[in-house]
Amino acid sequence: MGAMQIRPYGAACGAAVEGVQLSDLSDDQFEQLRGHFWQHGLLFFEDQELSPDQHLAFARRWGPVVVNKFFPASSAHPEIAEVRKEKAQKMNVGGGWHADHSYDEEPALGSILLARELPESGGDTLFANMYAAYDALSDGLKETLGTLRAVHSNRHIYGKGGLYEKTDLAPLLKGGDRVGDAVHPVVITHPDSGRRALYVNPGHTLHFEGWTGGESRPLLGFLYEHATRPEFTCRFRWTPGAVALWDNRCTWHYAVNDYHGERRLMHRITLTGSAIS
Ligand SMILES: O=C(O)CCC(=O)C(=O)O
Ligand SMILES: [Fe+2]
């Protein structure tokens, strides 16, 4: 195998890694990959031949794996969640901008998503870079945001009366009684890169701590519009065997739901994170 190559994917969003099989990385290559991951927060790999066991073995090199409370697990491997949309299904998982697990006290580090079955076309995933979004704010707003914390939740999505309850995704999900909230700073210092990132997201952030929802909405709305400007985003077109590895502390993602009538099946392993500040 030749040397690992890396090239930016979007100008300020993600990087594509070539010349590696994730099932077969030396310790040196893994260390190199870690460096790239902390730098970009989002890596893409094509043509990976990963069995479920190899997918898990790669995940465990990063640390412990989290079992998602809400997604169904693949039957043979409880640590692998199935992100699935059936032909007849209308609602997909993750069809809006969000960062996974920001509603946890210790949000997941990230995920390793692997394409198993894809529609003929469509089913892309969009990503946005929250380092770039933060860096582009004015010093004045950075200073104000640095004093704020925000409440994150999953109740309005997975809980009773939540987004998914009345949709055809409901029968595939579980854990509706395990919902909860967490409070995090609006700007975090990434534990591994040491860089500042914007840490609110449209999927899970309810309001600023001590502010009402109505008071929070205009500023959150501004931040969401700002953070999803095209220059901070990229769009990944999946091919069979492709893998996306993302860091939830500095990226958002959005699964585009434009392939009705076709099946899409992804295998996802979620990596354990730590408290953020
Ligand atoms: O299916 C996708 O592209 C991503 C879905 C999602 O939001 C996730 O797996 O966290
Ligand atoms: Fe997600």
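Below, the structure is looked at part by part.

Cut-off values and rules
- Residues numbered from 1 in each chain as written.
- Chains lettered and ligands numbered in written order.
- Predicted model: local features only at pLDDT ≥ 70, side-chain atom pairs only at ≥ 80, totals over all residues.
- Heavy atoms only, no water.
- Donors = N, O, S within 2.8 Å, 3.2 Å for Na, K, Ca; no water.
- Helix = DSSP H or I, 4+ residues; strand = E, 2+ residues; numbered from the N terminus.
- Buried < 20%, exposed > 50% of the residue type's maximum accessible area, 1.4 Å probe, protein only.
- Near = heavy atom within 4 Å.
- Polar contact = N/O pair within 3.5 Å; in protein donor to acceptor, adjacent residues only side chain to side chain.
- Areas by Shrake-Rupley, 256 points an atom, 1.4 Å probe, with all protein chains shown as cover.
- Nonpolar A, V, L, I, M, F, W, Y, C, P; charged D, E, K, R; others polar.

1. Some points on the coordination of the iron ion (ligand 2)
Phase 1: The protein atoms that coordinate the iron ion (ligand 2) are His98 (NE2), Asp100 (OD) and His253 (NE2), at distances spanning 2.1 Å.
Phase 2: Linear spacing of the donor residues for the iron ion (ligand 2) on their chain is H-x1-D-x152-H. Here histidine 253 lies in strand 16 (residues 251-255) and aspartate 100 lies in the loop between strand 6 (77-85) and strand 7 (110-117), a separation of 153 residues in the sequence.
Phase 3: Taking the relative accessible area as the measure of exposure, histidine 253 reaches 5% and is therefore buried.

2. Remarks on the site of ligand 1
Phase 1: In the neighbourhood of ligand 1, the contacting residues comprise Val83, Val93, Gly94, His98, Asp100, Leu113, Thr125, Trp246, His253, Ala255, Arg264 and Arg268.
Phase 2: At 3.0 Å from an oxygen atom of ligand 1 is found a side-chain nitrogen or oxygen belonging to histidine 98.
Phase 3: Between ligand 1 and threonine 125, the relevant distance is 2.6 Å, taken from an oxygen atom to a side-chain nitrogen or oxygen of the residue.
Phase 4: Calculation on ligand 1 without its partners gives an accessible area of 290 Å², and the protein chains cover 99% of this total.
Phase 5: For the shell around ligand 1, the elements supplying multiple residues, two or more each, are strand 16 and strand 17 (264-271).
Phase 6: Per-class residue counts for the shell around ligand 1 are five nonpolar, four polar and three charged.

3. What about unusual backbone geometry?
Phase 1: Backbone geometry at aspartate 47 places phi at a positive 55°, although glycine is not the residue there.
Phase 2: Within the fold, aspartate 47 resides in the loop between strand 3 (42-45) and helix 2 (52-60).
Phase 3: Residue aspartate 47 is classed as exposed on the basis of its relative accessible area, which comes to 53%.

The analysis is restricted to geometry; functional conclusions fall outside its scope.
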